[in-house]
Amino acid sequence: MSRSEHEEQRAADSVDPRGGAADPIEEGLVGPRDAPGPAPEAAPARALLTSDNRFRTGRLAGKTMNAAILALGVPVLLESMLNSLVGVTDTVLAAELGLDEADAIGGASYIVWFIGLVVMALGIGATALISRAIGGARVATANAVLSQSLILAIVAGLGTGLAIALLAGDVASLLNLSPDAARAFRTYMYFLAGGVPVSGVLFVMTACARGAGDSTRPLYAMAARNVVNIVASWALSGVDLTRAAVGPGGERISSVWLENPFSFDLGIAGIALGTVLGDAVGAAIVLGMGASGVWGIRFKKRRLRPHWVTMVRLIRLGVPNFLETLGMWIGNFFVIMFVGWLTIAAAADGLLGAHIVAIRIESLSFLPGFAIGSAAATLAGQYLGAKRPDLARTAVWRCALLAGLVMGSLGALFILQSEWVTSLLTRQPEHLELTPTLLIICGAVQIPFALGIVFRQALRGAGDVKWAMALTWFSTYGVRLPLAYLLSGVDIPLPGDGVLENPMPDDFPASGLVGLWVALCADLAIRGTLFTARFIHGGWTSKRV
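Described below are features of the structure shown in this document.

Definitions and cut-offs
Residues numbered from 1 in each chain as written. Predicted model: local features only at pLDDT ≥ 70, side-chain atom pairs only at ≥ 80, totals over all residues. Heavy atoms only, no water. Helix = DSSP H or I, 4+ residues; strand = E, 2+ residues; numbered from the N terminus. Contact = heavy atoms within 4.5 Å. Areas by Shrake-Rupley, 256 points an atom, 1.4 Å probe, with all protein chains shown as cover. Patch = residues over 30% accessible without salt bridge, like charges linked within 9 Å, V, L, I, M, F, W, Y side chains within 5 Å. Salt bridge = Lys/Arg side-chain N within 4 Å of Asp/Glu carboxyl O. Axes fitted to C-alpha atoms, helices over the stretch in contact; angles between N-to-C directions. Parallel < 35°, antiparallel > 145°, perpendicular 65-115°, else oblique. Nonpolar A, V, L, I, M, F, W, Y, C, P; charged D, E, K, R; others polar. Core = buried A, V, L, I, M, F, W, Y, C linked by side-chain atoms within 4.5 Å. Buried < 20%, exposed > 50% of the residue type's maximum accessible area, 1.4 Å probe, protein only. Expected span 1.5 Å × (residues − 1). Arc of directions from axis to C-beta. Phe/Tyr/Trp six-rings, centres within 6.5 Å; stacked < 30°, edge-to-face > 60°.

A separate point is the overall build of the protein. For the protein, the helix and strand inventory stands at 16 helices and four strands. The contacts in the protein between residues at least 6 apart in sequence include a share of 81% that link residues at least 24 apart. Carbon and sulfur atoms make up 64% of the accessible area of the protein, which totals about 22,000 Å².

Now for a nonpolar patch on the surface. A grouping of Leu70, Val74, Leu78 and Met81 is seen on the molecular surface, where their side chains present a nonpolar patch of about 350 Å² in accessible area. By the element assignment, Val74 lies in helix 2 (residues 65–97).

Further remarks concern the environment of Leu273. In this fold, Leu273 is placed in helix 8 (residues 268–292). For the pair formed by Leu273 and Ser237, sequence separation is 36 residues and the distance between their alpha carbons is 9.1 Å. Excluding residues within four positions of it along the chain, Leu273 makes contact with Phe191 and Leu236.

Moving on, we get to the packing of helix 3 (residues 99–135) against helix 4 (residues 139–174). One can describe the packing of helix 3 onto helix 4 by two numbers: an axis separation of 9 Å at closest approach and a directional angle of 170°. Relative to helix 4, the element helix 3 lies roughly antiparallel. When helix 3 is examined against helix 4, the residues Ile111, Phe114, Ile115, Val118, Leu122, Ala126, Leu129, Ile130, Ala133 and Ile134 are found in contact with a partner set consisting of Thr141, Ala142, Val145, Leu146, Ser149, Leu152, Ala153, Ala156, Thr160, Ile164 and Val171. Residue composition of the contact of helix 3 with helix 4, grouped by class: 18 nonpolar, three polar and no charged.

Turning our attention to the nonpolar core. Soluble, globular proteins show a tendency: their nonpolar side chains are buried together. Counting residues in hydrophobic clusters, the biggest one holds 108 residues, and the most contacted among them are Phe185, Tyr188, Met189, Phe338, Leu379, Tyr383 and Trp517. Element by element, the count of residues in this core is highest for helix 10 (residues 351–385), at 14 residues. When residues no more than four places from it in sequence are discounted, the contact partners of Met189 are Ala108, Ile111, Ile164 and Ala168. Among the nonpolar cores identified, the runner-up in size contains 34 residues, and Leu122, Leu146, Met222 and Trp295 belong to it.

Its 16 residues give helix 5 (residues 179–194) an end-to-end C-alpha distance of 23 Å, which sits within 8% of 22 Å, the value for a rise of 1.5 Å per residue. Buried within helix 5 are the following residues: Ala181, Ala182, Ala184, Phe185, Tyr188, Met189, Leu192 and Ala193. The arc that holds the buried residues of helix 5, viewed along the axis, is 160°, so those residues lie on one side. Exposed residues pointing more than 90 degrees away from the buried face of helix 5 are listed as Pro179 and Gly194. On its buried face, helix 5 sits against helix 2, helix 3, helix 4, helix 6 (196–211) and helix 8.

Two aromatic rings are characterised by how far apart their centres lie and by the angle between their planes. This model, assessed by the stated rule, comprises eleven aromatic pairs. Geometrically, the ring pair formed by Phe366 and Phe449 is edge-to-face, given 5.9 Å between the ring centres and 65° between the ring planes. Taken together, the positions of Phe366 in helix 10 and Phe449 in helix 14 (residues 446–461) put the pair 83 residues apart, joining distant regions of the chain. By relative accessible area, Phe449 is classed as buried at 14%. An aromatic cluster of at least three residues, connected via ring pairs, comprises Trp397, Phe455, Phe535 and Trp540.

Turning our attention to unusual backbone geometry. Although it is not a glycine, Ala137 adopts a positive phi angle of roughly 60°. Among the secondary structure elements, Ala137 is positioned in the loop between helix 3 and helix 4. Residue class for Ala137 comes out buried when judged on its relative accessible area of 17%. Its identity is not glycine, yet Asp265 carries a phi of approximately 50°, on the positive side. As for its placement among the helices and strands, Asp265 is situated in the loop between strand 2 (252–258) and helix 8. Judged by its relative accessible area of 52%, Asp265 falls in the exposed class.

Put into structure tokens, the structure is as follows:
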């Protein structure tokens, strides 16, 4: 790091957003009798931990390593499941409306993912900075990052929402949706675009709380968000909930098990509006928590104005994270286009819906991995902040082994009970026919997938964002897309009347949507190997944030 960068980091650690020194009494670093003297930059490295390696400061104070993993991971797992439930709710309700609405929600899920890219970039930067600050006993720095993260979340949310609203029509065309599905897609995205700022606040503030070591309280906000989303989306959409059964002749029949008592009947607009209302409630709750200081860090009114040094630090970490996940998103958007071209070639409805249903179900396995990875990211940051890279390495390995055990077990469930699991999420015959095979394929790679998730999160939490970006881009464009193109057998239409014909033979055993999933899951296995290798290399332990 250059001399100017060292000076910039010291300034961010010791200067508050007003331009003066941080108040040591206000930040709890010294007592009133010590007020005339300067606040310490950081305690000596060993003093930040007890003799048995427990943290002395922050929300993890007094916890052993294993207890810290559970304290961080379990709430994030529950929170992630609740977050996923929003998408599942929208998928189930849309499937009740019809195949066109289900395909529209399937395409929209990738735009929702793009929204998450912006939020995640800010959140990863905030987690890395706050966890380092808390590990180094610099509460003033953590408070500054919290406030500046809020400002950036609102600004980025407004810009992202505007872009989505303007591009919704063009994206519908790229997805090769039917006219009715395209119309439903645009309606859904217009409503969702208006809610991007509040969803940005919700998720960035949650990332700040995790960096401070508090993964439990944001769970309350997610629970409230889901209750509002489920009730409001169901009530406003006018959907009756049905269940599928097999009739005497083997035919599939449906029966209503919960009739909608409301008369709004807004259809897919009601589903979207319910999602936005849920996000708004969740955002209000986390803002209240940030103001109250229950995370161990808090908003200060005078800090809620731009402080450029802190913003630059957040952006410097956030941009590589954004580029990393943007590269992944673009690659997966091509995958969705592959599915659209396969649908046209086969003249078959429901391929996109089956693809998305499989992803929704697969998320049941990678959500635990993501939760444990979040714990790895926070602990890596805090132990590095305490000058103990050896403990950071040990904590991440423990998280990786735990994630492999959990995700491997769920992968076995996908392989052995694929039809039953699929039937829990959809009653559409096209989905019930295609999705179980996709679940069997993804079930086989859950353990390397788990390692990739945890080590990637740990690298990002440690500030090794450029390597994380490079590995993700290589995996996406060097492995995923070439394999997806070849194994799917898709012919790519070119401008005019041209076609890029697929070189794979027509009688290749795995092709179509199944071949596509074989390619995607092969990429997950290779990606897990790459991130494992980078973690073992150890260069992440010397990164400065």
